[in-house]
Amino acid sequence: MRKGQIAVIGAGKWGQALHFALSFKQECFISSRTKKDIKNFVDLEYALSCEYLVIAIPAQEIRAWLKENFKFNNQKVLVASKGIEASSGEFLNDIYANFIPDKNIGFISGPSFAAEVIKALPCALVLNSKSKDIYDEFSKFFPDFIKTYYSKDVIGAEIAGAYKNVLAIASGICEGLNLGKNAQASLIARGLVEMQRFGKHFKAKKATFLGLSGAGDLFLTANSTMSRNYRVGLGLAQGKSLKLILEELKEVAEGVQTATAIEKLSNKYKIYTPIAKEVKLILDGKNPKDSLKDLIKN
Ligand SMILES: NC(=O)C1=CN([C@@H]2O[C@H](COP(=O)(O)OP(=O)(O)OC[C@H]3O[C@@H](n4cnc5c(N)ncnc54)[C@H](OP(=O)(O)O)[C@@H]3O)[C@@H](O)[C@H]2O)C=CC1
Ligand SMILES: O=C(CO)COP(=O)(O)O
């Protein structure tokens, strides 16, 4: 093992921004499926031998990626993805638990557009882990322009980070339909209540939804065209097909798949999630104007 060394795995928008940020205080390596012309780009074998790993690949790819590539060698891992697996409805921390013990893993949450982090603009993030040691070890790698907080509420952070992507799609639809700022604020506020209700079922802490991981990331993502999920919503409101929207986007919009996962879990556990349900129906072809009527009526 390469003691003390850190590597980011997944050189998409977020992986590259994290690599940039984590290179301020020490050398940081980066690896990805596709070879890229980035400083300190290494092959996967090299990256996996580092003591500290930050994994930034899309949520839907994680299980297969871990099965194919990951061998636990006491590495410490920080997960940077925000989503819930659609095929199973399983949370990422449960998927990772098959490969990495609790004491070696943490999850990043909070409002953090990669495009701003890569310009070294200030932000605050939460490093969520059952182990305070994971927070202590990883937080010292972060640059001075990022303030880090510690939380033990892994499931709360994970649900908040995934759910806000679905709500950002809803908010983009609201904007695209020109429903006005009153409607958008109502949608975001009720969305926050809804994600908290969903989280409560899985024993998430209420405070998590009111802090950076919940309200913080929701307000950011559901109010900006910088968000890919928000732009998916705008496109849907304009009557574009989901296929075309995703082709034009060229990057991951986790809310699309996470809407399916939330629908699955809400049906299974009988959790009332009206906004996420309408987002899923719109993604499947329902007219957004009919969704609006249904949301107001019910
Ligand atoms: N962008 C942002 O502002 C933020 C994103 N996130 C989260 O981070 C995660 C990644 O997002 P982001 O980097 O923006 O997405 P991008 O679409 O920019 O990049 C995703 C990267 O994942 C890699 N990838 C895709 N499929 C596989 C696979 N099967 N196996 C291995 N690698 C794969 C690709 O690597 P390659 O190019 O090498 O093929 C690709 O570059 C998402 O869960 C997102 O929600 C969280 C906070 C902020
Ligand atoms: O999670 C994010 C910011 O915190 C990024 O959101 P999008 O994936 O919608 O761009």
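In this text, all values refer to a predicted model and were calculated from it rather than measured experimentally.

Calculation rules
- Residues numbered from 1 in each chain as written.
- Chains lettered and ligands numbered in written order.
- Predicted model: local features only at pLDDT ≥ 70, side-chain atom pairs only at ≥ 80, totals over all residues.
- Heavy atoms only, no water.
- Near = heavy atom within 4 Å.
- Polar contact = N/O pair within 3.5 Å; in protein donor to acceptor, adjacent residues only side chain to side chain.
- Areas by Shrake-Rupley, 256 points an atom, 1.4 Å probe, with all protein chains shown as cover.
- Helix = DSSP H or I, 4+ residues; strand = E, 2+ residues; numbered from the N terminus.
- Nonpolar A, V, L, I, M, F, W, Y, C, P; charged D, E, K, R; others polar.
- Axes fitted to C-alpha atoms, helices over the stretch in contact; angles between N-to-C directions.
- Parallel < 35°, antiparallel > 145°, perpendicular 65-115°, else oblique.
- Left-handed = near helix turned anticlockwise from the far one by under 90°.
- Contact = heavy atoms within 4.5 Å.
- Core = buried A, V, L, I, M, F, W, Y, C linked by side-chain atoms within 4.5 Å.
- Buried < 20%, exposed > 50% of the residue type's maximum accessible area, 1.4 Å probe, protein only.
- Domains from an automatic or database assignment.
- Pairing = 2+ DSSP bridges.
- UniProt positions renumbered as here; feature names shortened; annotations may be inferred.
- Salt bridge = Lys/Arg side-chain N within 4 Å of Asp/Glu carboxyl O.

A. Here's a closer look at the site of ligand 2. The environment of ligand 2 is made up of 13 residues, and the closest members are K164, D217, S227, R228 and N229. One of the side-chain nitrogen or oxygen atoms of D217 is found 2.7 Å away from an oxygen atom of ligand 2. Between S227 and ligand 2, the recorded distance is 2.7 Å, taken from a side-chain N or O atom to an oxygen atom. In isolation ligand 2 has 310 Å² of accessible area, and contact with the protein removes 92% of it. Those elements that provide at least two residues to the shell around ligand 2 are α10 (212-221) and α11 (228-237). The element contributing the most residues to the shell around ligand 2 is α10, with three residues. Taken together, the residues of the shell around ligand 2 sort by class into four nonpolar, five polar and four charged.

B. Highlighting the packing of α11 against helix α12 (residues 242-249). The interhelical angle for the contact between α11 and α12, taken along N-to-C directions, is 140 degrees, at an axis separation of 10 Å. The orientation of α11 relative to α12 falls into the category oblique. Relative to α12, the crossing made by α11 is right-handed. Counted together, R228, R231, V232, G235 and L236 of α11 and L242, I245, L246 and L249 of α12 form the full contact between these two elements. The residue inventory of the contact of α11 with α12, partitioned by class, reads six nonpolar, one polar and two charged.

C. Looking closely at the nonpolar core. In terms of nonpolar packing, the biggest core is built from 42 residues, with F198 and V232 touching the most fellow members. Secondary-structure elements contributing two or more residues to this core are α7 (154-176), α8 (181-201), α10, α11, α12, α13 (255-269) and α14 (274-283). Of all the elements, α7 adds the most residues to this core, at 11 residues. Once residues within four sequence positions are removed from consideration, F198 is found in contact with F91, I159, Y163, I262, L265, S266, I271 and T273. L18, Y52, A56 and F141 belong to the second-largest nonpolar core, a separate cluster that totals 30 residues.

D. Quick peek at the site of ligand 1. Among the 24 residues in the neighbourhood of ligand 1, the closest are listed as S32, T34, K36, A114 and E254. Contact distances for ligand 1 include 2.8 Å between an oxygen atom and a backbone N or O atom of K13. Protein chains bury 86% of the 900 Å² of accessible surface belonging to ligand 1 in isolation. No other element matches the three residues that helix α1 (residues 13-22) contributes to the shell around ligand 1. Viewed by domain, the shell around ligand 1 spans two of them, domain 1 (2-152) and domain 2 (155-297), each represented by three or more residues.

E. Broad picture of the sheet that holds strand β3 (residues 50-55). Read from one edge of the open sheet, seven strands run β2-β1-β3-β4-β5-β6-β7, paired in mixed fashion. Among the strands making up the open sheet, the edge pair consists of β2 (28-31) and β7 (146-151). Taking each pair of neighbouring strands and ignoring which way they run, the sheet shows an average axis angle of 25 degrees. Here six bridges tie strand β6 (residues 123-128) to β7, and the two strands are oriented parallel to one another. The partner of C123 across the bridge, within β7, is I146. Lying over the sheet, α1 contacts β1 (2-9), β2, β3, β5 (105-109) and β7, oriented at roughly 165 degrees with respect to β2.

F. Focus on the UniProt feature "active site" (unreviewed entry) in the protein chain. Taking the numbering used here, the UniProt-annotated feature "active site" (unreviewed entry) corresponds to K164. In this structure, K164 sits in helix α7. Accessibility expressed as a relative area gives 5% for K164, which makes it buried.

G. How the structure looks around the pattern of salt bridges. Under the counting rule described, the total for this entry stands at 18 salt bridges. For E51, the salt bridge identified is with K3, shortest N-O distance 3.4 Å. Of the two residues, E51 sits in strand β3 while K3 sits in strand β1, which places them 48 residues apart along the sequence. Residue classification places E51 among the buried positions, given a relative accessible area of 6%. With a closest N to O distance of 2.6 Å, D294 and K286 form a salt bridge. Each of the salt bridges in this network shares a partner with another, and the network as a whole consists of K3, E51, K76 and E137.

H. Local environment of unusual backbone geometry. Of note, the phi angle at K203 is positive, near 70 degrees, even though the residue is not glycine. K203 sits in the exposed class, given a relative accessible area of 71%. Positioned with a positive phi, K250 is a non-glycine residue whose angle comes to about 65 degrees. Following the sequence through the fold, K250 ends up in the loop between α12 and α13. On the accessibility criterion, K250 (73% relative accessible area) is exposed.

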